[in-house]
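Remarks on the overall topology
Here is how the chains run, residue by residue.
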Amino acid sequence: MTQRKRIILQPEYLKNFHCIGSDCEDSCCIGWRVDLDKKTYLAYKKLNQPELRLTIEKMVNRKHNDKSNACYGKIKMDRNGKCPFLNKENLCKIYIFAGEEYLSNTCTFYPRDVKKIDGAFERSATPSCPEIVRLGILSLEGISFEQVEENAEETIQIHGTFDTQGHLFLNKPQRFFWEIRMFSLCLLQNRDYSLAERLVILGIVYKKIEVIQLEGRVRDIPLMLETMNSMIEAGNFKSELAKIPIESEVQMQVAKTIANHKFSLGISSKRYMECLKETFQGIGFVETDDIEQVKDKYDRNYQEFLRPYLKEKEHILENYLVNEFFKEMMPFGSYQSIWDSYIFLCLLYAMIKFHMIGMAGYHKELNDELVIKIIQSFTKVVLHNNQYIQQIIKLLKDSGYDTLAYMSILVKN
Ligand code: SF4
């Protein structure tokens, strides 16, 4: 009998991914909640394995506030935020004593994530795993995508679906998801422009889409994108982009407000906590409240450390944004509007840059190891919390920082 096949679109780097287990500098089994699908929950409760019995009784609980089969139960973390099934060598006791087939979907599929768009499968990965940062985000060539074929009988867990032709999206920009996505990804990877310039142009285009939508002309979107593409190729934006002022104080204040907000909500990742402390110390926020002094230090760190680093390695920030854009079905996905997704993309760029500037000041250098730590721990704390993402978008809107002008200032150094 011939095997049924499934085609999946995914970043090329994913085919080289393997979990590095106890060699990992963090652990995906520390610092967040592990949900259990119904099948796994029931299998645990029936499991008669002396090494696991007590922990299952005490730490595997039903999730009564969630009616879905995907989040039927949960593993309660210990007081240090660690999964109680981790042994002293940071290896999983479920895997050791019960076998791989007893791992929950969450544990099996992390750091991968599958979505289904217009019936087609897409797989992506989260850089909250350091190995994904090394393989995908650090890659000089940039992220490219490929279609892979796999056995359709293999289990996959779908984290989101999107039907761009659904009746809800009649006369909405979502109808042109594929065109908008292709345009955006090409622009984000266009190295004829600096990444900050690419983000500003993206903002200009998304504002145009909003206007077109308000005027009820969404069918004009493909033509508008074509025109913008020609203008990008001809370099027509260059002189306007050069006029955007550099205001590092605004960048610093926005990033600090967001980091403080996260701090006040609690941070369970020790690695991110270290990054945050070093960032604040590195720009002098700890010693003084004098904003002029802090700004001076921020600017000096940028010139001395981040600028030379990005001159060689701006592709790291590009890859980070491209990866997130693809993974979250931007500019739509779970965002309330195309503009909200844009605000968030600029914030991601600004926040990673803020941490790089601060930590470079603290360590008196910036290198790939520090960058891996920043990107991985920041992603783990921020991007796995949709509620927090919505809160910071609102925070920015409430303080009036959500305009194209402010977004341009936020990204330009
Ligand atoms: S059950 Fe095993 S793989 Fe899953 S979080 Fe716990 S230790 Fe990690």
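Rules of the game
Residues numbered from 1 in each chain as written. Predicted model: local features only at pLDDT ≥ 70, side-chain atom pairs only at ≥ 80, totals over all residues. Heavy atoms only, no water. Phe/Tyr/Trp six-rings, centres within 6.5 Å; stacked < 30°, edge-to-face > 60°. Helix = DSSP H or I, 4+ residues; strand = E, 2+ residues; numbered from the N terminus. Buried < 20%, exposed > 50% of the residue type's maximum accessible area, 1.4 Å probe, protein only. Lys NZ or Arg CZ within 6 Å of the ring centre and 35° of its normal. Domains from an automatic or database assignment. Patch = residues over 30% accessible without salt bridge, like charges linked within 9 Å, V, L, I, M, F, W, Y side chains within 5 Å. Areas by Shrake-Rupley, 256 points an atom, 1.4 Å probe, with all protein chains shown as cover. Salt bridge = Lys/Arg side-chain N within 4 Å of Asp/Glu carboxyl O. Pairing = 2+ DSSP bridges. Axes fitted to C-alpha atoms, helices over the stretch in contact; angles between N-to-C directions. Contact = heavy atoms within 4.5 Å.

By the naming in an unreviewed UniProt entry, the protein is FliB family protein, taken from Dethiobacter alkaliphilus AHT 1.

**Let's talk about the packing of aromatic side chains**
Aromatic ring pairs are described here by two measures, namely the spacing of the ring centres and the angle between the planes. Tallied over the entire structure, the rule returns 14 aromatic pairs. Judged by centre distance (5.2 Å) and plane angle (75 degrees), the rings of Phe162 and Phe177 are edge-to-face. Pair noted here: Phe162 is in strand S8 (residues 158-162) and Phe177 is in helix H6 (residues 177-188), with a separation of 15 residues, a long-range link. Classification of Phe162 by relative accessible area gives buried; the value is 9%. On the numbers, 6.1 Å between centres and 80 degrees between planes, the contact of Tyr206 with Tyr342 is edge-to-face. Pair noted here: Tyr206 is in helix H7 (residues 195-214) and Tyr342 is in helix H13 (residues 338-363), with a separation of 136 residues, a long-range link. Using a relative accessible area of 1% as the deciding quantity, one classes Tyr206 as buried. Residue classification places Tyr342 among the buried residues on the basis of a relative accessible area of 1%. Joined through ring pairs, the aromatic side chains of Phe162, Phe169, Phe177, Trp178 and Phe332 make up one cluster. Directly above the aromatic system of Phe121 lies the positively charged group of Arg6, at a separation of 5.9 Å from the ring centroid.

**Overview of the domain arrangement of the protein**
According to the domain assignment, the protein contains domain 1 (30-98) and domain 2 (168-412). One C-alpha centre belongs to domain 1, the other to domain 2, and the line joining them spans 36 Å.

**Looking at a nonpolar patch on the surface**
On the surface, Leu91, Tyr95, Ile96 and Phe97 cluster together into a nonpolar patch covering about 350 Å² of accessible area. Within the secondary structure, Leu91 is located in the loop between strand S4 (73-75) and helix H3 (93-97).

**Regarding the sheet that holds strand S2 (residues 34-36)**
Read across the open sheet, the three strands follow the order S2-S4-S3; overall the sheet is antiparallel. Across the chains shown, the open sheet's two edge strands, defined by having one partner strand only, are S2 and strand S3 (60-62). This sheet shows a mean twist of 30 degrees between the axes of neighbouring strands, independent of strand direction. Each of S2, S3 and S4 is contacted by helix H1 (residues 38-46), which is oriented at about 125 degrees to S3, the strand it contacts most.

**What about the side chain of Asp340?**
Among the structural elements, Asp340 can be located in helix H13. You can call Asp340 buried: its relative accessible area is 2%.

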